Amino acid sequence: MSGASGTLSAPRTAMVGLSLPLIDHIWRVRGAVPIDPALSPEEAFARLDPLLRTPGTVLSTDGEALAYDKPNPSAQDKLATFTRGRLWIERAGSGAVLRFDLFSQALLMCFLAPLLFLGFAQAAIAINAWEAASPEAAEKAAKKDADKAKPVRKLNPVDEFLGAPVPEDPSKKKDEKKDKGRHSPDEGYFLAGFFALVYLAGRWLEPFLVRRRLRAALAGPPAT
Amino acid sequence: MAGVQVGKRIIGADAPVTVGWENIGRVEGGPIKQFVFTYFQPAMLLLAIGFWYYAPNWLAVASTAIAIRLGWTVLLLVLEWVNPRYSSWQLTWKEFATDAFYVALGMTFLRMVDSYVGDGAIIAAVQDAFDWDKFSWFTGLPLLVQAVLISMIFDFGQYWMHRAMHNWYPLWLTHAPHHYITQLNINKGAVGNPVELFLIGLGIGGFFDFLPRAFLLAGAIGMTVGIYQHINVRFNTPRWWRYIFNTTEHHSVHHSQDYEATRSNYSGTWIIWDRIFGTCVDGEAELLGMEGGRRMDIGETMVFPFREGWRSTKAALSRRLGGGAAVQPQLEPAE
């Protein structure tokens, strides 16, 4: 978690003096999983150890909470998506829950990725317009038209026998793409949409998996 | 670790590598699963060749190839899920999103840059400068011969570029980030510094003139053979296939944490080039990567060649200029 430390009842904010009540849902995942009320906090955290104690993970206590920091988790780290987080136990009546508050740089970057690809699409349009306006473009177009006509290719007799379609006259369809420019913005638009979908899928899937992994770890025997 | 002698080299002394076909894993499951994962690769190659050979001209265009590629990627992702080679290579959301980012960069930014400085632009410039004609008699060859020639010529170039990357430090710096991948999944081929991806895409095929359909057929060979370099699927690959074509097994040896093992299997599609030039090691490996399997994030991948290049240059200069001060340990080209 970035920013100042806080207490359980008042979790710390991303930046001092700045409250991000909704927008931080983009990169933060908060939730709870029920635990056996008979478990002491030490026992519960011991069960979570295999999830947390992976190479490069820094663990610290933050009040009654356990904070972890995974600066560069391995690809198969079960918490690879959530590189920082806090976990603590809350008791209410006879029940108890493990609460978590996790931060994901990957989710944030994935959320921002569409902007980058929209940028590439806009760059493609801008470069096309700039190139079309440059004086060289007219020269090039004139030169292209003056190019000698390409000969119509013939298939090898083997291919004729096997029935492959005859090649088209290459000089025929020259005019079709004339004004489209060198770059297409379509890929950029498509990828912007794609990463928006990947983000939504991740924002749903990753918290689901975290809950499942925490539940499974808490149900298992404590780590030795 | 003892390692295994292959030719004059000891493979697997630093990290575990399985050498020899008799020792690699097999598809586990019933007869249907065995059948599917034995004949999937040849069947798909034949299907792709058949399609591009007979597709009418209006269908035999680049946009069809892109659409097929997309569907094909989804199918291979399903295969990775159904029959993974190693559970330690399982695709996670984060890995998928990261890989997709590199693919996306290739489809947008890299393609835009490539149109100015890529092999197409270089070849056009050379031809303009010397008024060379293309080798146009190639178009009279049978389509499949043209397609195999395109594929093999391109792969020959890739082989030597790739080998050079593993043997010359400045080129290695561009290629090193790709070797920090710790698992193989189908989009991992796109992971790497953009400079490397640009260099590996250079080819001399553009000097020759081929029929457009032959290019599509060559693309089909690449799509149904080269793609398996980076895939987490267990196949019982037929013997003839793994003799001439590159496989995920070969490429996992190349990506192993073992230094000697990485200096093998350089080709993309035709492992036969490695056999000819004496760099082929048949086998497989699970433990991949550099520095004991440290994952390199996107930011570091983008700056790595420049950062390490700067550090090495600075260290070399301080040595030469007689500084003699403690020189920081520099990264060895331990691909």
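Computed from a predicted structure; not experimentally measured.

Caption draft 1: View of the packing of helix 5 (residues 143-165) of chain B against helix 8 (residues 212-224) of chain B. Residues and elements named next belong to chain B. The geometry of helix 5 relative to helix 8 is characterised by a closest axis approach of 8 Å and an angle of 55 degrees between their N-to-C directions. Overall, the two elements helix 5 and helix 8 adopt an arrangement that is oblique. Here the hand of the crossing between helix 5 and helix 8 comes out right-handed. Taken together, the residues of helix 8 that come into contact with helix 5 (itself represented by Leu143, Leu144, Gln146, Ala147, Ile150 and Ser151) are Arg213, Ala214, Phe215, Leu217, Ala218, Ile221 and Gly222. Class assignment of the residues belonging to the contact of helix 5 with helix 8 gives a composition of nine nonpolar, three polar and one charged.

Caption draft 2: The arrangement of the pairing of strand 3 (residues 65-69) of chain A in detail. All names here are of chain A. When strand 2 (residues 58-62) meets strand 3, the two strands line up antiparallel, connected through five bridges. Bridge assignment links Asp62 to a residue of strand 3, and that residue is Ala65. With antiparallel pairing between neighbouring strands as the criterion, strand 2 and strand 3 make up a hairpin whose turn holds two residues, including Gly63 at a positive phi of roughly 65 degrees. The pairing of strand 3 with strand 4 (residues 84-92) spans four bridges and is antiparallel. For Ala67, the partnering residue across the bridge sits in strand 4 and is Arg86.

Caption draft 3: Up close: unusual backbone geometry. Residues and elements named next belong to chain B. Positioned with a positive phi, Asn265 is a non-glycine residue whose angle comes to about 50 degrees. Tracing the backbone shows Asn265 in the loop between helix 11 (259-262) and helix 12 (272-277). Using a count of 28 C-beta atoms within 10 Å as the deciding quantity, one classes Asn265 as buried. The backbone of Glu291 sits at a positive phi, close to 50 degrees, despite the residue not being glycine. Relative to the assigned elements, Glu291 resides in the loop between strand 4 (283-284) and helix 13 (298-320). The exposed category is assigned to Glu291, around which 12 C-beta atoms lie within 10 Å.

Caption draft 4: Representation of the environment of B:Gln127 in the model. With respect to the helices and strands, the residue B:Gln127 is situated in helix 4 (residues 119-130). Distance from B:Gln127 to B:Ala147, taken between C-alpha atoms, is 23 Å for residues 20 residues apart in sequence.

Caption draft 5: Quick peek at the interface of chain B and chain A. Of the residues lining the interface, 31 residues belong to chain B; the matching set on chain A comes to 30 residues. Mapped by element, the contributors of at least two residues to the side of chain B that touches chain A are helix 1 (31-54) and helix 3 (93-117) of chain B. Considering each element in turn, the side of chain B that touches chain A owes the most residues, 12 residues, to helix 3 of chain B. Here the side of chain B that touches chain A is built from residues that sort into 15 nonpolar, 10 polar and six charged.

Caption draft 6: View of the confidence of the model for chain A. Residues and elements named next belong to chain A. The pLDDT averaged across chain A works out to 83; a share of 79% of its residues lies at or above 70. Taken element by element, the predicted model of chain A shows its lowest mean pLDDT in helix 3 (residues 135-146) (63) and its highest in helix 5 (residues 186-219) (95). Low pLDDT (under 50) marks residues 1-10, which in the prediction has 23 contacts with non-local residues, meaning those over four places away or in another chain.

Cut-offs used in this document
Residues numbered from 1 in each chain as written. Chains lettered and ligands numbered in written order. Predicted model: local features only at pLDDT ≥ 70, side-chain atom pairs only at ≥ 80, totals over all residues. Axes fitted to C-alpha atoms, helices over the stretch in contact; angles between N-to-C directions. Helix = DSSP H or I, 4+ residues; strand = E, 2+ residues; numbered from the N terminus. Parallel < 35°, antiparallel > 145°, perpendicular 65-115°, else oblique. Left-handed = near helix turned anticlockwise from the far one by under 90°. Contact = placed C-beta atoms within 7 Å. Nonpolar A, V, L, I, M, F, W, Y, C, P; charged D, E, K, R; others polar. Pairing = 2+ DSSP bridges. Buried ≥ 20, exposed ≤ 12 C-beta atoms within 10 Å, placed from the backbone. pLDDT = per-residue confidence, 0-100.

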